[in-house]
There are 2 protein chains.
Amino acid sequence: MALRVGVVGGGQLARMMIAPAVELGVDLRVLAEEDGMSASLAATAVGDYRDAETVLAFARDVDVVTFDHEHVPQSVLATLVDAGIAVHPGPHALRFAQDKLVMRARLQELGMPQPDWAAVTDAEQLQAFLDDHRGRAVVKTPRGGYDGKGVRVVSTGTEADDWFATLAEDARGGALLVEELVDFTRELAQQVARRPSGAVRAYPVVETVQRDGVCAEVIAPAPHSGGRLEDVAARIGITIAEGLEVTGMLAVELFETTDERLLVNELAMRPHNSGHWSQDGAVTSQFEQHLRAVLDLPLGDPSPVSEWAVMVNVLGGPTNGSLDDRFDAAMTEHPGAKIHTYGKAPRPGRKVGHVNVVGGNLDDVAYEARAAASFFDD
Amino acid sequence: MALRVGVVGGGQLARMMIAPAVELGVDLRVLAEEDGMSASLAATAVGDYRDAETVLAFARDVDVVTFDHEHVPQSVLATLVDAGIAVHPGPHALRFAQDKLVMRARLQELGMPQPDWAAVTDAEQLQAFLDDHRGRAVVKTPRGGYDGKGVRVVSTGTEADDWFATLAEDARGGALLVEELVDFTRELAQQVARRPSGAVRAYPVVETVQRDGVCAEVIAPAPHSGGRLEDVAARIGITIAEGLEVTGMLAVELFETTDERLLVNELAMRPHNSGHWSQDGAVTSQFEQHLRAVLDLPLGDPSPVSEWAVMVNVLGGPTNGSLDDRFDAAMTEHPGAKIHTYGKAPRPGRKVGHVNVVGGNLDDVAYEARAAASFFDD
């Protein structure tokens, strides 16, 4: 019988596992939130991932459960583990991806370089942090944020009063995370795969370009990352993967500071936008690697197949019609562009696809990826 | 609405169209011969491709019909065309892939280099051909052969009597094809994609290694094929694609003779075993290219992403268990090997998967591909 992987969540990350699953002969099954999701081709169930019975029923028919996102509640994860079902990444690891305060505290224990941070429960504590950090800081809700949501730059202690008020109503109580505003020259991302049995493989560190808090572009490897920078980034990724006992793909978002340090920004325990280049630019894509890792199979070679790869996100998409209306124009001009679509209706700011280009000259590769992706904007 | 491609036939060629279809957002639908075929994930219908009603019902819901094989009868194809359905490759082109005598006659008209050949209807005519060609020749049934079936090397005129007898019972009548036994140094294959609107793109010519009439291994590009050989092969492929009005992928199997000529051996009008390397070794794989071509989209760049790619078929597979029982061993030793499985039960001589490896050194690449594939044999 084929190896069976169950993915909770039917978004584009689950969708992009379909291609390597078909090639390896892995029976990929998806629990989708609703009909017509990105990964609907592989959907074998539709239901609420917050409902333990729904997830358990789905999970009973697979060899391992993994995720399209990190939002499955700990109580649901516990139900799976109690039923003897393999879950990767496991609940313990996922906790660090679900709560940024828990993550910051654990990274501190591991001695990982990170921005100054504190847990604050009111405007007064926030103001005290601001006073210690040149009057500006980043406030984050510890749970539920993504793509810039739940993140706010503040310069007075009262600017997070609405979030403090929400916390006061939350039975779990809790605090906000405040972090120093880092002077960075650029953002990087380090991906690492880890098997349950312990083996790890690091991808080359990449540069990520964010616009309005959303990843717009990735350059792989990060320019000028040879030697020490590459090694330091890989070491950080591997230390976190091992220290947090992550299984599957881990992405560590990093700031490269003006004083040449790398500081950990965010973590993701799943395939990640910063690794989409690997579909066309690496021997083993992050999606195949994630399947191998969660199945506890030997990890594939994460080496690049070409000197450079550039990924450009398609954000929003055409206001009239669908992405494939633009295929003719984009493909005519850019026969070397690899177009990936997510089967999602266009909507301003929404990630609806991406374009990868690989080659030997970074200027050419970046130009072609941006130009090809631009055909899908309005 | 997504672009819809209907594939008649549920074998591994249809299966390998799934990955690029998902990435491009093409709605791929397969008419499978039975349940549990290689391409079952995309199967939307099960039925007999020789039944016009079955195929027509399947075809009404797609934008274009294409094929996993060339065996759909002309009468069924005519029904589709009469109903106004786009069919690529079209019936006229497919005729040349369905009947080797028709193919030989047309290639002769086009001035293509090919072995000496003749249509023979009895042992006497066959003996006359043998007498003119040093006493040995290859006899082929014009229809229905593949992977060495329907092909026989003979040295006397009576060695094809059983086939002549079968022909005599065939209401359509007809002849056998006899071809000179070519002194070749190696076999090559040239792939070309052609859109209905006329544009063509040639892949690099590759070397194919056959064992017992079945493709065992492909080296891309063919060693020492730079310059004139590459150009001549591409020109032959393009001339045939245009002359036969092929749409989609065309593979031209070639002999390279001891006197340095290229002679056309066989044609295939679909993705072909000689192009499986392109999944991991070319900017645009033959499977994506076939989808683009039959949808009349602009063709992708067929350039290699690496200096060398080697594909090794997995023939037969493990006598005990399934291919994925061998993943652990194969992936441990060969993290850079790309394993492709067809979801077919192992059976002696059956193509059940293949392994691709790419890299800069041919010796290393070929060694790794062969070694990784060998884990799946017994």
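Above: the structure in question.
Quantities reported herein were computed from a predicted structural model and do not represent experimental measurements.

Enquirer: Would you explain the relation of the copies chain B and chain A in this entry?
Expert: For the pair of chain copies, the relating operation is a rotation around an axis with a shift along it. Superposing chain B onto chain A takes a rotation of 180 degrees plus a shift of 0.0 Å along the axis, which leaves an RMSD of 0.0 Å. Such a combination of turn and shift is consistent with a two-fold rotation axis. Considering only C-alpha atoms, the part of chain B nearest the rotation axis is Ala-19 of chain B, at 2.1 Å. Of the residues that chain B buries at the interface, 100% are likewise interface residues in chain A, meaning the two copies contact each other through the same surface.

Enquirer: Explanation requested: the sheet that holds strand 1 (residues 4–8) of chain B in the structure shown.
Expert: Adjacent strands of a sheet pair through backbone hydrogen bonds, lying either parallel or antiparallel. Residues and elements named next belong to chain B. Read from one edge to the other, the open sheet built from 4 strands follows the order 3-2-1-4, with strand pairing classed as parallel. This sheet does not close on itself; its edge strands, each paired only once, are strand 3 (43–46) and strand 4 (64–67). This sheet shows a mean twist of 25 degrees between the axes of neighbouring strands, independent of strand direction. The pairing of strand 2 (residues 27–32) with strand 3 spans 3 bridges and is classified as parallel. The residue bridging Leu-31 from the neighbouring strand is Ala-45, located in strand 3. Sheet strands in contact with helix 1 (residues 12–24) are strand 1, strand 2 and strand 4, and its direction is about 170 degrees off that of strand 2.

Enquirer: Help me understand helix 8 (residues 228–243) of chain A in this model?
Expert: Think of an α-helix as 3.6 residues a turn; residues three or four steps apart then line up on the same face. Residues and elements named next belong to chain A. Helix length check: helix 8 (16 residues) gives 22 Å between terminal C-alpha atoms against 22 Å at 1.5 Å per residue, within 8%. Every buried residue belonging to helix 8 is among Leu-229, Ala-233, Ala-234, Ile-236, Gly-237, Ile-238, Thr-239, Ile-240, Ala-241 and Gly-243, and all of these are buried. Once helix 8 ends, the next one or two residues include Glu-245, with phi positive near 55 degrees.

Enquirer: Quick question: what am I supposed to make of the sheet that holds strand 7 (residues 151–154) of chain A here?
Expert: Residues and elements named next belong to chain A. Within the open sheet, the 4 strands sit side by side as 5-8-6-7. Their pairing is antiparallel. Every interior strand has two partners, whereas the edge strands, strand 5 (117–120) and strand 7, have only one. Across the sheet, the mean angle separating the axes of adjacent strands is 25 degrees when strand polarity is ignored. Sitting on the sheet, helix 5 (residues 100–109) touches strand 5, strand 6 (137–140) and strand 8 (176–180), and the angle it makes with strand 5 is about 140 degrees.

Enquirer: Please explain helix 4 (residues 91–98) of chain B as it appears in this structure.
Expert: All names here are of chain B. Within helix 4, 6 of the 8 residues are buried, which leaves the element mostly enclosed by the surrounding structure. Restricting attention to buried positions, one finds in helix 4 the residues Pro-91, Ala-93, Leu-94, Phe-96, Ala-97 and Gln-98. Each element contacted by the buried residues of helix 4 is listed here: strand 4, helix 3 (74–82) and helix 5 (100–109).

What counts and what doesn't
Residues numbered from 1 in each chain as written. Chains lettered and ligands numbered in written order. Predicted model: local features only at pLDDT ≥ 70, side-chain atom pairs only at ≥ 80, totals over all residues. Heavy atoms only, no water. Least-squares fit on C-alpha atoms with pLDDT ≥ 70 in both. Contact = heavy atoms within 4.5 Å. Pairing = 2+ DSSP bridges. Helix = DSSP H or I, 4+ residues; strand = E, 2+ residues; numbered from the N terminus. Axes fitted to C-alpha atoms, helices over the stretch in contact; angles between N-to-C directions. Expected span 1.5 Å × (residues − 1). Buried < 20%, exposed > 50% of the residue type's maximum accessible area, 1.4 Å probe, protein only.

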